[in-house]
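# Descriptive structure summary
In case you want the letters, here they are:
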Amino acid sequence: MIPFGIIGTGKITRTFLEAVQSVPELTLRAVYSRSLEKAQSFGEEYGAKVFTDSLEDLAADRDVQAVYIASPNCCHCEQAIRMMDAGKHVLCEKPAASNQEEYQRMLEAARRNGVVFFEAMRPAFTPEMAMVEETLPRLGKIRQASFSFCQYSSRYDNFKNGMIENAFRPELSNGSLMDIGVYCIHWMVRLFGMPESLQASPIFLENGVDGAGAIIGTYPDMQVQLLYSKICDGHTPSEIQGENGSLLMDTVSQPQKLTLCLRGQTPEALPVTPCANNMVYEARRWAQWITRGPDRELFRVQDDTMTELRVLDKVRALCGIRFPADERGE
């Protein structure tokens with residue numbers, strides 16, 4: 001068994017803990033929250049044994065072998081490094097860091113301590129990602145792709161009523177680009193690598209946070225369009241277009257439907273097995289890498305995340321989005 005702790009008690013943590021129920025190698029031991037009372041009430045719900053409002057105590061707990069981090073983006077770097085320096089494996093919510101410089105520091109901490117560290121990018125570990133990669137050659141030469149994730153945030157109504165929650169606070173390295181756009185960016189870099197050039201256009205809200213945006217990534221012989229939003233819903237599928245046909249995908253965060261449309265042929269529904277909670281795949285991979293040690297796939301995942309952060313940094317520079325974390329790195 002791998003006893004693990006969690007930092008963060010939000011909705012995404014609940015989703016992760018529900019996924020962990022299908023991973024027998026992992027068992028929840030400790031819960032950290034800035035409020036000890038919240039740590040206890042949350043932890044007891046999921047069978048944890050230790051509750052703390054001290055990161056130092058969590059790091060010092062020798063019975064905790066690994067830590068899942070789902071705190072605000074601005075906290076990821078320092079919390080992850082503290083846990084890894086204590087010898088703990090870390091799975092960190094997306095985006096893994098505020099910028100490339102932070103992520104590089106996190107990778108260095110993982111290497112010097114000999115621990116497993118990677119970003120919890122949900123679609124990266126799914127059978128659907130593998131199926132898309134396997135299907136790309138059937139499309140012929142890829143010419144265009146579009147990845148869209150537009151989802152009206154449950155917190156946007158509060159924002160409009162003057163209650164600014166973490167998801168809409170840029171000082172926490174948050175915003176639509178970091179929270180939603182990152183999924184689109186990940187698909188782009190996972191499938192096609194770093195684009196030669198980028199164009200970007202954000203929509204800013206009253207407090208300076210980006211509520212939506214669009215990105216164009218240009219490659220030598222193709223183009224990728226990304227559309228993301230936390231202030232409106234979208235229902236347009238994502239699509240990869242090749243000279244022989246196209247591949248449609250219903251969502252970028254949790255694909256449930258893939259349709260291959262080859263020229264002159266009847267559209268083909270690819271064999272996808274619906275998964276109610278695709279965080280189970282990253283949880284299984286975490287347990288596997290902790291138990292068996294890292295492999296080439298882990299290093300590829302880490303490289304993909306670095307490219308993802310490179311794109312995020314460049315897009316933020318184009319849009320004029322700066323975080324306090326950027327000032328700390330200079």
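Up top you'll find the structure we're talking about.
Remember, predicted model here, so these are calculated numbers, not experimental data.

Counting its secondary structure elements, the chain contains 11 helices and 14 strands. Split into buried and exposed, the 330 residues of the chain put 55% on the buried side. In the chain, once contacts between residues fewer than 6 apart in sequence are set aside, the share between residues at least 24 apart is 68%. Of the roughly 14400 Å² of accessible surface on the chain, 47% is carried by carbon and sulfur atoms. Considering the chain, the positive charge centre built from 34 side chains and the negative charge centre built from 43 side chains are found 2 Å apart.

All right, on to helix α6 (residues 127-135) then. Along α6, the residues that are buried comprise E128, M129, M131, V132 and T135. Angular distribution of buried residues about the axis of α6 spans 160 degrees; they occupy a single face of the element. Tucked into the core, α6 has its buried residues touching α8 (176-192), β11 (238-242), β12 (245-249) and β13 (258-262).

Let us look at the sheet that holds strand β7 (residues 142-150). The strand order β8-β9-β10-β7-β11-β12-β13-β14 describes an open sheet built from eight strands, whose pairing is mixed. The two strands at the open ends of the sheet, each matched to only one other strand, are β8 (197-204) and β14 (268-269). Across four bridges, β7 lies against β11 in antiparallel orientation. Residue A145 lies in a different strand from β11, and its bridge partner there is I240. Along the sheet face, α8 touches β7, β8, β9 (210-219), β10 (222-229), β11 and β12 and points at about 160 degrees away from the line of β10. Along the sheet, helix α10 (residues 296-319) contacts β8 and β9; its crossing angle with β8, the most-contacted strand, is approximately 60 degrees.

Next up on the list: the packing of α8 against α10. Put simply, α8 and α10 touch, their axes get as near as 9 Å, and they point 125 degrees apart. In terms of axis orientation, α8 runs oblique to α10. Relative to α10, the crossing made by α8 is right-handed. Only R300, D304, T307, E308, V311, L312, V315 and R316 of α10 make contact with α8, whose side of the interface consists of L177, M178, V182, I185, H186, M188, V189 and R190. Across the contact of α8 with α10, the residue classes break down as nine nonpolar, two polar and five charged.

Note that the residue after K94, namely P95, is joined by a cis bond; omega there is -20 degrees. Along the polypeptide, P95 turns up in the loop between β5 (89-93) and α5 (100-113). Residues other than glycine seldom take positive phi values, yet S173 does so here, at roughly 65 degrees. With respect to the element layout, S173 can be found in the loop between α7 (156-160) and α8. Overall, the relative accessible area of 1% leaves S173 in the buried class.

With that settled, consider the sheet that holds strand β2 (residues 26-32). If you trace the six strands from one edge of the open sheet to the other, you get β3-β2-β1-β4-β5-β6, paired in parallel fashion. Whereas interior strands pair on both sides, the edge strands pair on one side only; in this sheet they are β3 (50-52) and β6 (117-120). Ignoring strand direction, the axes of neighbouring strands in this sheet form an average angle of 25 degrees. Taken together, the six bridges between strand β1 (residues 2-7) and β2 define a ladder with parallel strand orientation. When the bridges of β2 are listed, I7 appears paired with Y32.

This part takes up the pattern of salt bridges. If you walk through the whole model with that rule in mind, you get 20 salt bridges. For D61, the salt bridge is made with R29, and the minimal N-O distance between the two is 3.1 Å. In this pair, D61 is assigned in the loop between α3 (55-60) and β4 (66-69) and R29 in strand β2, connecting sequence segments 32 residues apart. Between D304 and R190 there is a salt bridge, with its nearest N and O atoms 3.9 Å apart. Residue D304 is located in helix α10, and its partner R190 is located in helix α8; the two are separated by 114 residues in the primary sequence. This pair shows no difference in class: D304 is buried, exactly as R190 is. Through salt bridges with shared partners, a single ionic network connects E133, R190, R300 and D304.

The end-to-end C-alpha distance of α10 is 35 Å, a good match for the 34 Å that 24 residues give at a rise of 1.5 Å each. Sitting at the amino-terminal end of α10 is D295, which places a side-chain oxygen 3.0 Å from the backbone nitrogen of E297. Note on α10: the residue one or two positions beyond its end, G320, has a positive phi of about 75 degrees.

What counts, and where the lines are drawn
- Residues numbered from 1 in each chain as written.
- Predicted model: local features only at pLDDT ≥ 70, side-chain atom pairs only at ≥ 80, totals over all residues.
- Heavy atoms only, no water.
- Helix = DSSP H or I, 4+ residues; strand = E, 2+ residues; numbered from the N terminus.
- Buried < 20%, exposed > 50% of the residue type's maximum accessible area, 1.4 Å probe, protein only.
- Contact = heavy atoms within 4.5 Å.
- Areas by Shrake-Rupley, 256 points an atom, 1.4 Å probe, with all protein chains shown as cover.
- Lys, Arg positive; Asp, Glu negative; His and termini not counted.
- Charge placed at Lys NZ, Arg CZ, Asp CG, Glu CD.
- Arc of directions from axis to C-beta.
- Pairing = 2+ DSSP bridges.
- Axes fitted to C-alpha atoms, helices over the stretch in contact; angles between N-to-C directions.
- Parallel < 35°, antiparallel > 145°, perpendicular 65-115°, else oblique.
- Left-handed = near helix turned anticlockwise from the far one by under 90°.
- Nonpolar A, V, L, I, M, F, W, Y, C, P; charged D, E, K, R; others polar.
- Salt bridge = Lys/Arg side-chain N within 4 Å of Asp/Glu carboxyl O.
- Expected span 1.5 Å × (residues − 1).
- Polar contact = N/O pair within 3.5 Å; in protein donor to acceptor, adjacent residues only side chain to side chain.

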